[in-house]
Protein chains: 2
Amino acid sequence: MMMQRYFAIDANLSLAPNDIYHLQKVMRKQVNDQIEVVYAGVVYLCQIESITGTSVGLKVMAQLNCIAELPVEITLGLSLVSESKFNLMLQKATELGVGAIIPLMVERSVIKLTNEKQAQRLTRWKRICKEAAEQSHREVIPHVQAVTSLANINLMDYDLKLLCSPKEKNVNLKEVLSKGIDYDRIIVVIGPEGGLTIKEEENLIKQGFLRVSLGERILRVETVPIFILSIFNYLLMR
Amino acid sequence: MMMQRYFAIDANLSLAPNDIYHLQKVMRKQVNDQIEVVYAGVVYLCQIESITGTSVGLKVMAQLNCIAELPVEITLGLSLVSESKFNLMLQKATELGVGAIIPLMVERSVIKLTNEKQAQRLTRWKRICKEAAEQSHREVIPHVQAVTSLANINLMDYDLKLLCSPKEKNVNLKEVLSKGIDYDRIIVVIGPEGGLTIKEEENLIKQGFLRVSLGERILRVETVPIFILSIFNYLLMR
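Treat the numbers as computed from the prediction; the structure is a model and nothing was measured.

Comments concerning the overall build of chain A
Helix and strand counts for chain A come out as six helices and 10 strands. For chain A, the C-alpha radius of gyration of 20 Å lies close to 18 Å, the compact-globule estimate for 238 residues. Dimensions of chain A, computed from C-alpha atoms along their principal axes, come out at roughly 60 × 45 × 30 Å. Within the span of chain A, comprising 238 residues, buried residues form 53% of the whole. For chain A, long-range pairs separated by at least 24 residues make up 70% of all intrachain contacts whose partners lie at least 6 apart in sequence. If you sum the accessible surface of chain A, you get close to 11,200 Å²; carbon and sulfur atoms cover 50% of it. Positive and negative side-chain charges in chain A, numbering 28 and 26 respectively, have mean positions lying 4 Å apart.

Comments concerning the pairing of strand β4 (residues 56-64) of chain B
Residues and elements named next belong to chain B. Note: strand β3 (residues 42-51) against β4, eight bridges, orientation antiparallel. Paired with Gln-47 across the bridge in β4 is Lys-59. The antiparallel hairpin formed by β3 and β4 contains four residues in its connecting segment.

A closer look at the interface of chain B and chain A
Across the contact, 38 residues belong to chain B and 38 residues belong to chain A. Overall, the association of chain B and chain A removes approximately 3,300 Å² of surface from exposure, summing both partners, and the carbon and sulfur fraction of that is 56%. It is Arg217(B), Tyr234(B) and Met237(B) in chain B that bury the most area against chain A; as a group they hold 24% of the surface buried on that side. Taken together, chain B and chain A are joined by four salt bridges. The shortest N-O distance in the salt bridge between Glu222(A) and Lys92(B) comes to 3.5 Å. Connecting chain B to chain A are 18 residue pairs in polar contact (both at pLDDT 80 or more). Of all elements in the fold, only α2 (83-95), α4 (173-177) and α6 (224-235) of chain B reach the threshold of two or more residues within the side of chain B that touches chain A. Per-element accounting of the side of chain B that touches chain A gives the leading share, seven residues, to α6(B).

Description of the packing of aromatic side chains
Residues and elements named next belong to chain A. All told, the structure shown has two aromatic pairs over all chains when counted by the stated rule. Ring geometry for Phe-86 versus Trp-125: centroids 4.9 Å apart, planes at 50 degrees, classification tilted. Placement of the pair is Phe-86 in helix α2 (residues 83-95) and Trp-125 in helix α3 (residues 115-135), with a sequence separation of 39 residues. Under the relative-accessibility criterion, Phe-86 is labelled buried at 1%. Exposure remark for Trp-125: the relative accessible area of 1% places this residue in the buried category.

Focus on the packing of α2(A) against α3(A)
Axes are the key here: two packed helices are described by the angle between their axes and the distance separating the axes. Residues and elements named next belong to chain A. With their axes 8 Å apart at the nearest point, α2 and α3 run at an angle of 35 degrees to one another. As α2 runs across α3, the sense of the crossing is right-handed. Residues Glu-83, Phe-86, Asn-87, Leu-90, Gln-91 and Thr-94 of α2 form the contact with α3, whose own contacting residues are Arg-121, Arg-124, Trp-125, Ile-128, Cys-129, Ala-132 and Ala-133. Along the lines of polarity and charge, the residues of the contact of α2 with α3 split into seven nonpolar, three polar and three charged.

Calculation criteria
- Residues numbered from 1 in each chain as written.
- Chains lettered and ligands numbered in written order.
- Predicted model: local features only at pLDDT ≥ 70, side-chain atom pairs only at ≥ 80, totals over all residues.
- Heavy atoms only, no water.
- Helix = DSSP H or I, 4+ residues; strand = E, 2+ residues; numbered from the N terminus.
- Rg over C-alpha atoms; globule rule 2.2 N^0.38 Å.
- Buried < 20%, exposed > 50% of the residue type's maximum accessible area, 1.4 Å probe, protein only.
- Contact = heavy atoms within 4.5 Å.
- Areas by Shrake-Rupley, 256 points an atom, 1.4 Å probe, with all protein chains shown as cover.
- Lys, Arg positive; Asp, Glu negative; His and termini not counted.
- Charge placed at Lys NZ, Arg CZ, Asp CG, Glu CD.
- Pairing = 2+ DSSP bridges.
- Buried area = accessible area lost by both parts, 1.4 Å probe.
- Salt bridge = Lys/Arg side-chain N within 4 Å of Asp/Glu carboxyl O.
- Polar contact = N/O pair within 3.5 Å; in protein donor to acceptor, adjacent residues only side chain to side chain.
- Phe/Tyr/Trp six-rings, centres within 6.5 Å; stacked < 30°, edge-to-face > 60°.
- Axes fitted to C-alpha atoms, helices over the stretch in contact; angles between N-to-C directions.
- Left-handed = near helix turned anticlockwise from the far one by under 90°.
- Nonpolar A, V, L, I, M, F, W, Y, C, P; charged D, E, K, R; others polar.

In structure tokens, the structure reads:
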């Protein structure tokens, strides 16, 4: 049984109200039980000293050495697809070490969200990533950005920009990555079902994106982030 | 829109009754429409010449050149877990090119199946793999074996035998595969939640299995087959 892990909301290692609820009512933790609490990328082994409906008193027993994070920050630009698939992509990407998620409103996105809906979704997406990060014992919660368009991605942030496309017939992912991953921050843009439009792809290529195929295989859209991140995990294994 | 694909049940390219139903009632195909039909690993472009409730007459227009299959046959030994997770693993493994599946009854398998239940499940598992193979435009349906124990895997069939284990701290998958994949038939055994027991692992190692870790990451059991097969897809990209 692995130790329960929570992300704290401040440097005093305070837990969010729903985590206090989870710890007491779901995990049935009591005084003297131990949990792991993460703040600012550092993992603390803590003992519960007091517990009430609204607060948990913790004593730090040790700072743990952890190496669950990938040495390269990988951002996924995920085109909006149906809610259940998008949520699954967030959960799995978090499990596999993604650094940040940019939800992309593209031409063929099947859902169109009002501003109000976008704010609601963003809250839910952040919660999904937090919970998945806790369960997979990450040290950081992937950052989920607000919904944006392809034109508004801040490209200055990345030193390798990849665009996955079944239209690409010449260059596959292996040709790009087999030279070694000498990058600090990578972004990978993944289209919706039906792919990005030719115009959308052209605009990304003009901005320095490298278009790559993922091989001969026809993958479901929700499989693509898992596929990509599994490969990065492999290549970055020490 | 990709062309609809079905696996035929004989060399005359006859379709199974449920596929005839699917073609007519779900896909609403009519005379003169085209579909792809696969038999014995060969893909035929066919035109529908006649259609009744119980049969479909097809004319072969062309034999298609396809290269969707991995050049190495990968068998996954999957420990039985809950039905929904196991079904998801079958579907995703098929999508990612698995050659064969061996469902394994191990000590920590959460479900115990009677012989009758096993036969029912096997029928369902085969259907899941067939449908996933059609959707991902495979040329073969992965072979699903009957439920077996670890002791009864036919090991003569494989020239690389891997056992994924979070207990392994020294050898990771990359160390084994980065030397190149000079194998014809590989088997990868994946434990249930909680892993294989120490005794189960020892027995496999005695029989020539190489125990490997998948890196520092803590993966959910249903993510592991996708992770492994994505890496093989990457390494085998041409």
